[in-house]
Amino acid sequence: MGKTAVITGITGQDGSYLAELLLDKGYRVVGVTRRTSTQVNERINHLEGKLELVSADLLDQSSLTTVIRDTRPDEVYNLAAQSFVPASWAQPVLTGEFTALGVTRVLEAIRSVDPGIRMYQASSSEMFGLVREVPQRESTPFHPRSPYGVAKVYGHWITVNYRESYDLFAVSGILFNHESERRGLEFVTRKITDGVARIKLGLAAELRLGNLDAQRDWGFAGDYVRAMWLMLQQPAPQDYVIATGRTHAVRDFVRLAFECVDLRWEPYVVVDPRFVRPAEVDLLIGDPAKAKAQLGWEPETTFEQLVERMVRADLERLSRTVTV
Ligand code: NAP
Ligand code: G4F
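All figures in this text were calculated on a predicted structure; none of them were measured in a lab.

Novice: Any chance you could explain the packing of helix 1 (residues 13-24) against helix 7 (residues 221-232) here in plain terms?
Specialist: Packed helix pairs are specified by the crossing angle of their axes together with the interaxial distance, meaning the distance between the axes. Contact geometry for helix 1 and helix 7: axes closest at 9 Å, N-to-C directions at 65°. Judged by the twist between their axes, the crossing of helix 1 over helix 7 is right-handed. Residue-level contacts link Gln13, Asp14, Tyr17, Leu18, Leu21 and Leu22 of helix 1 to Ala221, Gly222, Val225, Arg226, Met228 and Trp229 of helix 7.

And the structure:
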C-alpha cells in the first residue's frame, strides 16, 4: 500500500509540482482547497481524477483537524500561505493569521490526531531579510523585512517548537525564490516573462517595474519540490536551506528575458515607484551545502534555462490568444 500525503496549498505553484512528484511515486495525494464562489484550479486541472480534493481553511482549526482525521496521511506538506510580500503590508493581520497562526493550526491537527504523521513547513528566505551573513545558511540569524517575513519566522519557530516539545517529525525547508511558468503573474519573474511576451507579440508597449537592483537566488520550482519530499524521508527531522548558491539582480533577469526574444530591454522598461516596497530585501543568496551533503539534493535547472523556459511558455500561451 502506497503512502498518503496531504498538501495544503495544492492550487498554488508548488502544490501542483509536488502533487505531480508524489503521484509519480505512487502516493495517494489529498489536496486541500478553500471554498470560493468560483473554482479556478488551473494549475491542477491536468491532475483531475488522480488527486482527491478536500475543503479546509488555514483560518479554521476544525476543518484542518477533520481533514487529518479523515484521511490519516503519512505526510503533510503545509504549502498554503498568503505568499505575496507586498500584500502583507496591505493585509498584515490576515497575513499573520494565514501564514503564521495557520502553521500552528496544522501542527495542532497533527498532534491531536496522530503525532506520528510527518510534516513539512514551507519556510522562506524572506526570513533572512536584512541579511546578517552572505551566503545565508541554516544557522544565519533572521531579520525579516515585511509582515510576510515576520509571519514566516513565526511559522518556522513554531515548527521547531512542536518538534522539540512533542517529538513531532516536523521540518522546515528554508526555500529561496523558485519560479516557473506556473508562477503567479504578480511575482517579478513571471511579470517580466509575461510582459516580454506581450511586448514581442505587440500586446503591450512597456513593462513597469520597481527596484531593479534587488538580488535573488532564483531556482526552478520543479527542482525544489524534490527537496521537500527528501526532507520527510530522512531518519531524523532537520531544517534545510534550499537554494542554487547563485544570485542575480532583477535587472539581469529583465535583460536575459528580453534577449530571449531578440530585444533590448532599455526602451521598454519603466521604473514605477508604485512597485517599490516600504522595506526591501536587497540581497539573497543561499548556501545549499547541507542539503547537498545530507539529502543528495542539487538543482538541475540553471538560471539561464529558467528564464528561457518561462519566456517560451508565456510566448506560446499568449500566441494562442492573438488572432492572425
Ligand atoms: P502560491 O502559488 O501563492 O500558493 C499559495 C497557496 O496557498 C494557494 O494554493 C492558496 O489557495 C493557498 N492558501 C492561501 N490562503 C489559504 C487559506 N487561508 N487556507 C487554505 N489555503 C490557502 O505559493 P507558492 O509559490 O506555491 O509557495 C508555496 C509555499 O511556499 C507558500 O507558503 C510560500 O509562502 C512558500 N515559499 C514560496 C517560495 C517561492 O519562491 N515560491 C519561497 C519560499 C517559501 P488559493 O488558490 O485558494 O488562493
Ligand atoms: O518576485 P517577488 O515579488 O518575490 P519576493 O518578494 O522575493 O518573495 C518571493 O520569494 C520569497 C522567498 O524569498 C517567498 F517566500 C515569497 O512567498 C515569494 O514567493 O520580488 C522579488 C524582487 C523584490 O526585491 C522586489 O522589490 O523583485 C523586486 N521587484 C522589482 N519590481 C518587483 C517588481 N517585485 C514584484 N513583485 N513586482 C515588481 O514590479
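Novice: What exactly am I supposed to notice about the packing of helix 6 (residues 188-200) against helix 8 (residues 250-260) here?
Specialist: Contact geometry for helix 6 and helix 8: axes closest at 10 Å, N-to-C directions at 30°. If you check the angle between helix 6 and helix 8, you find them roughly parallel. Crossing handedness for the pair helix 6 and helix 8: right-handed. Of helix 8, the residues touching helix 6 (which contributes Val188, Thr189, Ile192, Thr193, Val196 and Ile199) are Val250, Phe253, Val254, Ala257 and Phe258. Among the residues forming the contact of helix 6 with helix 8, the class breakdown is nine nonpolar, two polar and no charged.

Novice: Help me out: how do you make sense of the site of ligand 1 in this one?
Specialist: In the vicinity of ligand 1 there are 23 residues, among which Thr11, Asp14, Arg34, Ser83 and Tyr148 approach most closely. Between threonine 11 and ligand 1, the recorded distance is 2.6 Å, taken from a side-chain N or O atom to an oxygen atom. Within the side chain of tyrosine 148, a nitrogen or oxygen atom sits 2.6 Å from an oxygen atom of ligand 1. A total of 910 Å² of accessible area belongs to ligand 1 in isolation, and the protein chains cover 87% of it. Elements with a contribution of two residues or more to the shell around ligand 1: helix 1, strand 5 (118-124) and helix 5 (147-166). Considering every element that reaches the shell around ligand 1, the biggest residue donor is strand 5, with three residues. Looking at the shell around ligand 1 residue by residue, the class counts come to nine nonpolar, nine polar and five charged.

Novice: For this particular structure, what's the right way to read the sheet that holds strand 5?
Specialist: One key point about sheets: their strands pair by backbone hydrogen bonds, in either a parallel or an antiparallel sense. Strand order across the open sheet formed by seven strands is 3-2-1-4-5-6-11, with parallel pairing between neighbours. If you trace the sheet from one side to the other, it starts and ends with strand 3 (52-55) and strand 11 (240-242), each paired once. Going from strand to strand, the sheet's axes swing by 25° on average, the running direction of each strand aside. Here five bridges tie strand 1 (residues 4-8) to strand 2 (residues 28-33), and the two strands are oriented parallel to one another. Across the sheet, threonine 4 pairs through a bridge with arginine 28, a residue of strand 2. The strands touched by helix 5 within the sheet are strand 5 and strand 6 (170-175), with strand 5 carrying the most contacts at an inclination of about 155°.

Novice: Explain the domain arrangement of the protein here, please?
Specialist: Many descriptions give the size of an interface as the accessible area lost when the pieces come together. Looking at the protein, the domain boundaries give domain 1 (4-178 + 218-242) and domain 2 (184-216 + 247-283 + 301-319). For domain 1 and domain 2, the distance between their C-alpha centres works out to 27 Å. Facing 18 residues of domain 1, the contacting portion of domain 2 comprises 20 residues. Looking at the side of domain 1 facing domain 2, the largest losses of area belong to Phe84, Trp218 and Phe220, adding up to 44% of the total buried there.

Rules of the game
Residues numbered from 1 in each chain as written. Chains lettered and ligands numbered in written order. Predicted model: local features only at pLDDT ≥ 70, side-chain atom pairs only at ≥ 80, totals over all residues. Heavy atoms only, no water. Axes fitted to C-alpha atoms, helices over the stretch in contact; angles between N-to-C directions. Helix = DSSP H or I, 4+ residues; strand = E, 2+ residues; numbered from the N terminus. Left-handed = near helix turned anticlockwise from the far one by under 90°. Contact = heavy atoms within 4.5 Å. Parallel < 35°, antiparallel > 145°, perpendicular 65-115°, else oblique. Nonpolar A, V, L, I, M, F, W, Y, C, P; charged D, E, K, R; others polar. Near = heavy atom within 4 Å. Polar contact = N/O pair within 3.5 Å; in protein donor to acceptor, adjacent residues only side chain to side chain. Areas by Shrake-Rupley, 256 points an atom, 1.4 Å probe, with all protein chains shown as cover. Pairing = 2+ DSSP bridges. Domains from an automatic or database assignment. Buried area = accessible area lost by both parts, 1.4 Å probe.

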